[in-house]
Amino acid sequence: MITQVELLWLEGQIERWIRFGRAAGEHIVDRRARRLDFRPGAVFALVRWRSGEYGTVESRIAVLRAVAPGEAFTTHPFVAPGAEILLNISGWAKVQSVLSAIDAVEGQGLRPEDVAPDYWRHVGARIGVGLPPRGYDRARHRAWLLRRRLAR
């Protein structure tokens, strides 16, 4: 089962884009819209921003994991059929905090889609209550890779 994400870019009005993740395919609808496909297990971040008459109306970020057939999932806007939600944050200040956490992971030479899914749950929980998330380091990443290898 492929998870499809609908992206849209209407300058200054609506923006839906992927902050990180490895897409398995891309389908261009027109010059403003496209659809990305993600394989089961792929982790990606979907950013949504919308402007209204008086400025920003919506700013959200979600870190999602594409699911395999038979796995439980949650529906999410612009994601078909849905995904496992690891993080779901709204409000520009909180979205900026999540983007900073992503930048910190990348600053260590790691790809955000490869880090432990539990870390994104942690980031969402901490930022959601107004606390800074703990950092993700190479030792924690090494432990995640070993845990994942043992699970196979």
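None of the values given here were measured: they were computed from a predicted structure. (Residues numbered from 1 in each chain as written. Predicted model: local features only at pLDDT ≥ 70, side-chain atom pairs only at ≥ 80, totals over all residues. Heavy atoms only, no water.)

## Some points on the overall build of the protein chain
Logical step 1: Scanning the protein chain for helices and strands turns up 3 helices and 8 strands.
Logical step 2: Considering only C-alpha atoms, the protein chain reaches an extent of 50 × 35 × 25 Å along its principal axes.
Logical step 3: Residue burial in the protein chain is summarised as follows: out of 152 residues, 38% are buried.
Logical step 4: For the protein chain, the share of sequence-separated contacts (at least 6 apart) that also reach a separation of at least 24 residues comes to 55%. (Helix = DSSP H or I, 4+ residues; strand = E, 2+ residues; numbered from the N terminus. Buried < 20%, exposed > 50% of the residue type's maximum accessible area, 1.4 Å probe, protein only. Contact = heavy atoms within 4.5 Å.)

## Comments concerning the pattern of salt bridges
Any two side chains of opposite charge can pair, given that their charged atoms come close.
Logical step 1: Scanning the model with the defined rule gives 14 salt bridges in all.
Logical step 2: Each of Arg-65, Glu-71, Glu-84, Asp-118, Arg-121 and Arg-147 takes part in one network of salt bridges that share partners. (Salt bridge = Lys/Arg side-chain N within 4 Å of Asp/Glu carboxyl O.)

## Considerations on the side chain of Arg-65
Logical step 1: With respect to the secondary-structure elements, Arg-65 resides in strand S6 (residues 55-65).
Logical step 2: A residue is classified by how much of its surface remains accessible, and Arg-65, at 16% relative accessible area, is buried.
Logical step 3: At a separation of 2.8 Å, a polar atom in the side chain of Arg-65 contacts the side chain of Glu-71.
Logical step 4: A polar contact of 2.6 Å, which involves the side chain of Arg-65, links it to the side chain of Glu-84.
Logical step 5: If near-sequence neighbours (up to four positions away) are discounted, Arg-65 is found in contact with Gly-41, Ala-42, Val-43, Glu-71, Ala-83, Glu-84 and Leu-86. (Polar contact = N/O pair within 3.5 Å; in protein donor to acceptor, adjacent residues only side chain to side chain.)

## A closer look at the pairing of S6
Logical step 1: By the bridge criterion, 10 bridges tie strand S5 (residues 43-52) to S6 in an arrangement that is antiparallel. Bridge pairing links Gly-52 to Gly-55 in S6.
Logical step 2: In this structure, the hairpin formed by S5 and S6 is closed by a connection of 2 residues. (Pairing = 2+ DSSP bridges.)

## Regarding the packing of aromatic side chains
Given two aromatic rings, one states the distance between the centres and the angle between the planes to describe the pair.
Logical step 1: Taken as a whole, this structure holds 4 aromatic pairs when the rule is applied.
Logical step 2: When the ring of Phe-38 is compared with that of Phe-44, the centres are 4.1 Å apart and the planes differ by 10°; the resulting orientation is stacked.
Logical step 3: Taking relative accessible area as the criterion, Phe-38 reaches 0% and is therefore assigned buried.
Logical step 4: Phe-44 gets classed as buried once you look at its relative accessible area, which sits at 0%.
Logical step 5: Counting every residue linked through ring pairs, the aromatic cluster contains Phe-20, Tyr-119, Trp-120 and Tyr-136.
Logical step 6: Against the face of Phe-78 rests Arg-16, its NZ or CZ located 3.5 Å from the ring centre. (Phe/Tyr/Trp six-rings, centres within 6.5 Å; stacked < 30°, edge-to-face > 60°. Lys NZ or Arg CZ within 6 Å of the ring centre and 35° of its normal.)

## Focus on the layout of surface pockets
Logical step 1: Taken as a whole, the largest pocket encloses approximately 310 Å³ of empty space.
Logical step 2: Lining of the largest pocket is provided by 15 residues; of these, Gly-41, Ala-42, Val-43, Glu-113 and Arg-148 occupy positions nearest its centre.
Logical step 3: Of the residues that constitute the lining of the largest pocket, the class distribution is 8 nonpolar, 1 polar and 6 charged. (1 Å grid on protein atoms, 1.4 Å probe; cavity = no way out; pocket = protein on both sides within 12 Å on 5 of 7 lines; lining within 4 Å. Points joined across faces, edges and corners; volume = space filled by probe spheres on them. Nonpolar A, V, L, I, M, F, W, Y, C, P; charged D, E, K, R; others polar.)

## Describing the confidence of the model for the protein chain
For residues with low pLDDT, the predicted coordinates do not support detailed interpretation.
Logical step 1: Taken as a whole, the protein chain shows an average pLDDT of 95; of its residues, 100% reach a score of 70 or greater.
Logical step 2: When mean pLDDT is compared element by element in the protein chain, strand S4 (residues 33-38) scores highest at 98, while helix H3 (residues 138-151) scores lowest at 92. (pLDDT = per-residue confidence, 0-100.)

## Quick notes on the nonpolar core
Logical step 1: Within the largest apolar cluster, 24 residues are counted, with the highest numbers of intra-cluster contacts made by Ile-61, Val-63, Val-98, Tyr-119, Trp-120, Val-123 and Tyr-136.
Logical step 2: Counting only elements with at least two residues in this core, the list comes to S5, S6, strand S8 (79-90), helix H1 (92-107) and helix H2 (117-128).
Logical step 3: It is H1 that contributes the most residues to this core, 6 residues altogether.
Logical step 4: Membership of the second largest hydrophobic core comes to 13 residues, among which are Leu-7, Ala-42, Phe-44 and Ala-66. (Core = buried A, V, L, I, M, F, W, Y, C linked by side-chain atoms within 4.5 Å.)

## Some details on H2
Logical step 1: Taking 1.5 Å per residue as the helical rise, H2 with its 12 residues ought to reach 16 Å, and the 17 Å between its terminal C-alpha atoms agrees with that figure.
Logical step 2: Burial in H2 covers these residues: Pro-117, Tyr-119, Trp-120, His-122, Val-123, Gly-124 and Ile-127.
Logical step 3: Looking at the residues trailing H2, positive phi occurs at Gly-130, about 85°. (Expected span 1.5 Å × (residues − 1).)

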